[in-house]
Amino acid sequence: MTVIREAEARRSETPSGVMTTFASPTQGGASRSLWRVDARPGAVGPVHDFDCEQVWTWLDGAAVVELGEERFEVGAGDTVVMPARTVRRVLADPRSGYSAVVTAPGEAKAFTADGTEFGVPPWIA
C-alpha cells in the first residue's frame, strides 16, 4: 500500500486551469491515474481525444462538455463517462469555473483534434 500525502500531490498548470495528481504510475505506482481539475471561469479546454475511457465527476461549478456530436451541460454531482476515441472539449462556466475529479488508465495517451499523438499528459503519467 502506498500513501500519498497532500503535500506530495503533483500540480500541472495549463492555460485552462490546474490539474492536481493524486495517484498515477509515477506517483504511488498506481495503474490508474486520479486527478482533480480546477478550471478558471470561462476557460475553454482544447479539442482533443484519448485512446482510453475517462470518467469525470464534477465537484463544484459548471461546464459544457462537447463529446463527439453531443453537448451536455453539467454541474456539481454530475458524472460523464467519456469513451475512448471520442473527440471532446470542456468549457468552464464563465462565472464559476469548475472543479472535477477524473480517472483514467495511467498510460492514457492524448491526441490533438487532427489525430496527432500528444502522448501521456504529465498529470496522468
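Residues numbered from 1 in each chain as written. Predicted model: local features only at pLDDT ≥ 70, side-chain atom pairs only at ≥ 80, totals over all residues. Heavy atoms only, no water.

## Regarding the packing of aromatic side chains
Using the criterion set out here, one finds three aromatic pairs in the structure. A network of ring pairs unites the aromatic residues Trp-56, Trp-58 and Tyr-98 as a single cluster. Between the NZ or CZ atom of Arg-85 and the centre of the ring of Phe-111, over which it lies, the distance is 4.2 Å. (Phe/Tyr/Trp six-rings, centres within 6.5 Å; stacked < 30°, edge-to-face > 60°. Lys NZ or Arg CZ within 6 Å of the ring centre and 35° of its normal.)

## Remarks on the nonpolar core
The nonpolar side chains of a soluble globular protein tend to be buried, and buried together. Core analysis: the biggest nonpolar cluster contains 25 residues, and Trp-35, Trp-56, Trp-58, Val-90 and Tyr-98 have the highest contact counts within it. Those elements that provide at least two residues to this core are β3 (32–39), β5 (54–67), β7 (79–82), β8 (88–92) and β9 (98–105). If you tally residues by element for this core, the top one is β5, at five residues. (Core = buried A, V, L, I, M, F, W, Y, C linked by side-chain atoms within 4.5 Å. Buried < 20%, exposed > 50% of the residue type's maximum accessible area, 1.4 Å probe, protein only. Helix = DSSP H or I, 4+ residues; strand = E, 2+ residues; numbered from the N terminus.)

## A look at the environment of Thr-21
For Thr-21, the position within the fold is in strand β2 (residues 17–23). A relative accessible area of 0% means that Thr-21 is categorised as buried. Considered as a pair, Thr-21 and Pro-122 are 101 residues apart in the sequence and their alpha carbons are 8.8 Å apart. Setting aside anything within four residues of it in sequence, one finds Thr-21 in contact with Ala-9, Arg-10, Gln-27, Leu-34, Trp-35, Pro-122 and Trp-123. Within the structure, Thr-21 has its side chain in polar contact with the backbone oxygen of Trp-123 (distance 2.9 Å). (Contact = heavy atoms within 4.5 Å. Polar contact = N/O pair within 3.5 Å; in protein donor to acceptor, adjacent residues only side chain to side chain.)

## Overview of the pattern of salt bridges
Taken as a whole, this structure holds six salt bridges when the rule is applied. A salt bridge links Arg-40 to Glu-13; its shortest N-O distance comes to 2.5 Å. Taken together, the residues span a long stretch of sequence, with Arg-40 in the loop between β3 and β4 (48–50) and Glu-13 in strand β1 (residues 10–14) at a distance of 27 residues. The class of Glu-13 is exposed, set by a relative accessible area of 60%. Between Arg-85 and Asp-49 there is a salt bridge whose closest N-O contact spans 3.6 Å. (Salt bridge = Lys/Arg side-chain N within 4 Å of Asp/Glu carboxyl O.)

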